[in-house]
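Fold and contact review
Each chain is listed here by its residues.
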Amino acid sequence: MARKESITSQMILDVAFQMAREEGLSGITARRVADRANCSTQPIFRSFQNMDDLVDGVYERAISFFQDYYAFYPKLEKAPFCNLGLAYVAFAREEKELFRMLFVPEKPRKSLYEILNGPAENVRGEIQRAAAWGCKDPGALFMKIWIFIHGAACMSMTGDYDLSDQETKVMLENVCTSFMQE
């Protein structure tokens, strides 16, 4: 009779993902994950070919986490890109390490657009909203406003952004309107 596996790959991935949320990818080592999971390193390497394989799993989980975060973020604003921008800035403020891993990485694994757009085609939907608002070049509008949104989010991640959500909303609306008039 085979011995029952007490530490599963899902448990290891859960521990590594939580570590990434708290301290980023750099803190994820086999020994530290094993210590946190109360096991030896053996279950880690039985479940994952190597640490890169585990980190890939953490990265994919982080993408899914962001996409769920956006999916459940309240969509109250009418102006294109405002809801996406507000969620992105809030994610940077609340999930600093995941934001850094996904959107300000040393070595990008996926493009920012791929992560943002996701299976729900979030960006594409916002571009369609901009077109419905009368924007002549919604793709260019996205690029212009995204520079502002990403900058605000990076400042939020580092603690250098002190605008409230309401102030951010007004600023996003103003930026969107002014860029649409160009």
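See the structure above.
**Side note on the overall build of the protein chain**
- Looking only at helices and strands, the protein chain features 10 helices and 0 strands.
- Counted from the first residue to the last, the protein chain has its helices and strands arranged as α-α-α-α-α-α-α-α-α-α.
- Taken along the three principal axes of its C-alpha coordinates, the protein chain extends 70 × 30 × 30 Å.
- Counting every position in the protein chain, which comprises 182 residues, the buried fraction comes to 43%.
- For the protein chain, long-range pairs separated by at least 24 residues make up 67% of all intrachain contacts whose partners lie at least 6 apart in sequence.
- Accessible area for the protein chain stands at about 10100 Å²; split by element, carbon and sulfur atoms hold 53% of it.
- Looking at charge distribution, the protein chain has the averaged site of its 21 positive side-chain charges lying 3 Å from that of its 25 negative ones.

**Some words on helix H10 (residues 165-180)**
- In this model H10 runs 22 Å from its N-terminal to its C-terminal C-alpha over 16 residues, within 8% of the 22 Å that 1.5 Å per residue would give.
- Turning to H10, its buried residues are Thr168, Lys169, Leu172, Val175 and Cys176. Relative to the axis of H10, the buried residues are bounded by an arc of 130 degrees and lie together on one face.
- Tucked into the core, H10 has its buried residues touching helix H5 (82-94) and helix H9 (138-158).

**Digging into unusual backbone geometry**
- Phi at Asn38 takes a positive value of approximately 55 degrees, unusual for a residue other than glycine.
- In this structure, Asn38 sits in the loop between helix H2 (30-37) and helix H3 (42-47).
- Of note in this structure, Glu121 is not a glycine but carries a positive phi near 55 degrees.
- Considering the arrangement of structural elements, one finds Glu121 in the loop between helix H7 (112-117) and helix H8 (122-132).

**A few points about the packing of aromatic side chains**
- Following the criterion strictly, the structure yields 14 aromatic pairs and no others.
- Ring centres 5.1 Å apart and planes at 75 degrees place the aromatic pair Phe66 and Phe103 in the edge-to-face group. With Phe66 in helix H4 (residues 51-72) and Phe103 in helix H6 (residues 96-103), this pair connects stretches of sequence that are 37 residues apart.
- Looking at Phe66, the relative accessible area reads 0%, which means it is buried.

**Quick word on the pattern of salt bridges**
- This structure, assessed with the given rule, holds 13 salt bridges.
- In this structure, the salt-bridge partner of Arg36 is Glu22, at a minimum N-O distance of 2.8 Å. A residue pair is termed long-range when its members are at least 10 positions apart, and Arg36 in helix H2 and Glu22 in helix H1 (residues 9-23) qualify at 14 residues.
- Note that Glu77 is salt-bridged to Lys169, the shortest N-O span being 3.5 Å. One end of the pair, Glu77, is in the loop between H4 and H5; the other, Lys169, is in helix H10, with 92 residues separating them in the sequence.
- A cluster of three or more residues bridged by salt bridges with shared partners is formed by Glu77, Lys169 and Glu173.

The rules behind the values
- Residues numbered from 1 in each chain as written.
- Predicted model: local features only at pLDDT ≥ 70, side-chain atom pairs only at ≥ 80, totals over all residues.
- Heavy atoms only, no water.
- Helix = DSSP H or I, 4+ residues; strand = E, 2+ residues; numbered from the N terminus.
- Buried < 20%, exposed > 50% of the residue type's maximum accessible area, 1.4 Å probe, protein only.
- Contact = heavy atoms within 4.5 Å.
- Areas by Shrake-Rupley, 256 points an atom, 1.4 Å probe, with all protein chains shown as cover.
- Lys, Arg positive; Asp, Glu negative; His and termini not counted.
- Charge placed at Lys NZ, Arg CZ, Asp CG, Glu CD.
- Expected span 1.5 Å × (residues − 1).
- Arc of directions from axis to C-beta.
- Phe/Tyr/Trp six-rings, centres within 6.5 Å; stacked < 30°, edge-to-face > 60°.
- Salt bridge = Lys/Arg side-chain N within 4 Å of Asp/Glu carboxyl O.

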